[in-house]
Amino acid sequence: MSTTDLFAAAHRDDHETMARLQTRLAEEADQDGVLDVAYRLLDSPVGTLLLAATERGLVRVAFAVQDHDAALEQLAARISPRVLLAPARLDLAARELDDYFARRRTAFDLPLDLRLASGFRRSVLEHLREIGYGTTASYKALAATAGNPGAVRAVGTACATNPLPLVIPCHRVVRSDGQIGNYAGGTEAKHALLALESRA
Amino acid sequence: MAVAGREPFEQVVRRHGPTVLRVCRAVVGPDVAEDAWSETFLSALRAYPDLPAGSNVEAWLVTIAHRKALDQVRAAGRRATPTDKLPDRIGADDPERHTDLWSALGELPDKQRQSVAYHHLVGLPYEEVAVLLGGTAAAARRAAADGIKTLRRTYLPAGPDDRTDPR
């Protein structure tokens, strides 16, 4: 018997045990305060979403077109490499997003961690939160509200790099010429979200 | 996006979790293997941000698992099974040969069991096995060879369904 045959039993896949161990690790890491970034995936009408949270709150929402692996690597580099699949911390965020897509919810009530945005971009995000459900604002108007009427392009960048799309509604910012403008989740997703909110 | 630094720990768990589980089962036995695995990865997660870039992550994990295994064995008290007499008790055609790999491994002396696990289940070279166990690479190679020799005599893999390759 070759040593490969001798150890064949050891190499049988045991997905059930691994899944159980990963769940246990996430729970124990959270209890011990070393789960710096927890994440989960959520199916939605605009594709699978990645949701990530620190101990402070929701820190990242990423569309599939933004590449979830890249988003996780960015979280590891910018916040901490202690990143684990740990759905429990995202239960509330997932429920509120489900409700939003089912048109049972028009505003989010979640602790947010805005550390991935700073300076002017962060102040744009703060103003974005004031654009109500079912309404839109232009990039130009948002630049003026954020205190820098000339910074229309910078507002566009702030929207494109919004770490918390959907929850911070950058999809409600459109071009002043009536065109819909770009969106981190793709223009199709932006159309779908505006249509969802206008049916109210 | 170009990102410097360490990959998310989740990737480490996925890539190396099954290997570390094999090591734990082999070294501390299947009953406490899951506790040893959990302690290993929790401890690794804690230290992960300080792991120097370019480190061999698998060897690092196995080192932690080895220490946790020693803790487990210490906590459980000395293993009761004397192994020296096995060759006399179990002949090549003895119906009582082990059909379970983990119990067969469990009867090997510590050094042999660890050398077999780290070299044959993880694939660490004997130089690295020697660093973990103390002693020389030659001694680790000898211990693994002795372990394999005993396993061939005491372990009979269960039915043909369980074998991956024809013999």
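A quick note: this is a predicted structure, and the numbers were derived from the prediction, not measured.

Draft legend 1. Summary view of the overall build of chain B. Looking only at helices and strands, chain B features eight helices and zero strands. Seen in sequence order, chain B has helices and strands lined up from the N terminus as α-α-α-α-α-α-α-α. For chain B, with 167 residues in total, the buried portion stands at 47%. Sequence-distant contacts, at least 24 apart, represent 68% of the contacts inside chain B between residues at least 6 apart. A total accessible area of about 8500 Å² is found for chain B, and carbon and sulfur atoms account for 50% of it.

Draft legend 2. Highlighting the sheet that holds strand S2 (residues 49–53) of chain A. Residue and element names in this part refer to chain A. Taken together, four strands build an open sheet; the order of strands is S3-S2-S1-S4 and the sheet is mixed. Two strands close off the open sheet at either side, each with one partner strand: strand S3 (58–63) and strand S4 (83–85). Ignoring which end each strand starts from, the neighbouring axes of this sheet average 25° apart. As defined by bridge partners, strand S1 (residues 37–42) adjoins S4 across three bridges and the pair is classed as parallel.

Draft legend 3. Region of the structure containing the domain arrangement of chain B. All names here are of chain B. Segmentation of chain B into domains returns domain 1 (9–78) and domain 2 (83–159). Counting from both sides, the interface comprises 15 residues of domain 1 and, opposite them, 13 residues of domain 2. For the pair domain 1 and domain 2, the summed buried area comes to about 1300 Å², and 67% of that belongs to carbon and sulfur atoms. On the domain 1 side of the contact with domain 2, Ala26, Val27 and His66 bury the most area, a combined 39% of that side's loss. Its residues assigned to classes, the side of domain 1 that touches domain 2 shows seven nonpolar, four polar and four charged.

Draft legend 4. Local environment of unusual backbone geometry. Residues and elements named next belong to chain A. The phi dihedral of arginine 103 is positive, around 60°, even though this residue is not glycine. Following the sequence through the fold, arginine 103 ends up in the loop between helix H4 (91–101) and helix H5 (119–128). Arginine 103 gets classed as partly exposed once you look at its relative accessible area, which sits at 35%. The phi angle at leucine 166 is positive, at roughly 75°, despite the residue not being glycine. For leucine 166, the location among the structural elements is in the loop between helix H7 (152–160) and strand S6 (173–174).

Draft legend 5. Focus on the domain arrangement of chain A. Residue and element names in this part refer to chain A. Domain parsing of chain A yields domain 1 (12–101) and domain 2 (119–198). Facing the twelve residues of domain 1 at the interface are 17 residues of domain 2. Both sides together, the interface formed by domain 1 and domain 2 hides about 1200 Å², and carbon and sulfur atoms give 73% of it. Between the two partners, domain 1 and domain 2, sit zero salt bridges. Applying the counting rule to domain 1 against domain 2 returns four residue pairs in polar contact (both at pLDDT 80 or more). Listing elements by their share of the side of domain 1 that touches domain 2, those giving two or more residues are S3 and H4. Ranked by residue count, the leading element in the side of domain 1 that touches domain 2 is S3, at five residues. When grouped by side-chain class, the residues that make up the side of domain 1 that touches domain 2 number ten nonpolar, one polar and one charged.

Draft legend 6. Focus on the packing of aromatic side chains. Considering all chains together, one arrives at eight aromatic pairs over all chains under this definition. Seen from their ring centres, A:Tyr100 and A:Tyr133 are 6.1 Å apart, and the 90° between their planes marks the pair as edge-to-face. Of this pair, A:Tyr100 sits in helix H4 while A:Tyr133 sits in the loop between H5 and strand S5 (137–138); the two residues are 33 residues apart in sequence, bridging distant segments of the chain. Here A:Tyr100 matches A:Tyr133 in class, with each residue buried. Grouped by ring-pair contacts, the aromatic residues B:Phe9, B:Trp37, B:Phe41, B:Tyr48 and B:Trp60 constitute a single cluster.

Draft legend 7. Geometry of the interface of chain B and chain A. Taken together, the contacts link 40 residues of chain B with 35 residues of chain A. Summed over both partners, the interface of chain B with chain A buries about 3600 Å², with 64% contributed by carbon and sulfur atoms. Between the two partners, chain B and chain A, sit four salt bridges. Ionic pairing is found between A:Arg24 and B:Asp35, a salt bridge with its closest N-O pair at 3.0 Å.

Here is what the cut-offs are and how they apply
- Residues numbered from 1 in each chain as written.
- Chains lettered and ligands numbered in written order.
- Predicted model: local features only at pLDDT ≥ 70, side-chain atom pairs only at ≥ 80, totals over all residues.
- Heavy atoms only, no water.
- Helix = DSSP H or I, 4+ residues; strand = E, 2+ residues; numbered from the N terminus.
- Buried < 20%, exposed > 50% of the residue type's maximum accessible area, 1.4 Å probe, protein only.
- Contact = heavy atoms within 4.5 Å.
- Areas by Shrake-Rupley, 256 points an atom, 1.4 Å probe, with all protein chains shown as cover.
- Pairing = 2+ DSSP bridges.
- Axes fitted to C-alpha atoms, helices over the stretch in contact; angles between N-to-C directions.
- Domains from an automatic or database assignment.
- Buried area = accessible area lost by both parts, 1.4 Å probe.
- Nonpolar A, V, L, I, M, F, W, Y, C, P; charged D, E, K, R; others polar.
- Salt bridge = Lys/Arg side-chain N within 4 Å of Asp/Glu carboxyl O.
- Polar contact = N/O pair within 3.5 Å; in protein donor to acceptor, adjacent residues only side chain to side chain.
- Phe/Tyr/Trp six-rings, centres within 6.5 Å; stacked < 30°, edge-to-face > 60°.

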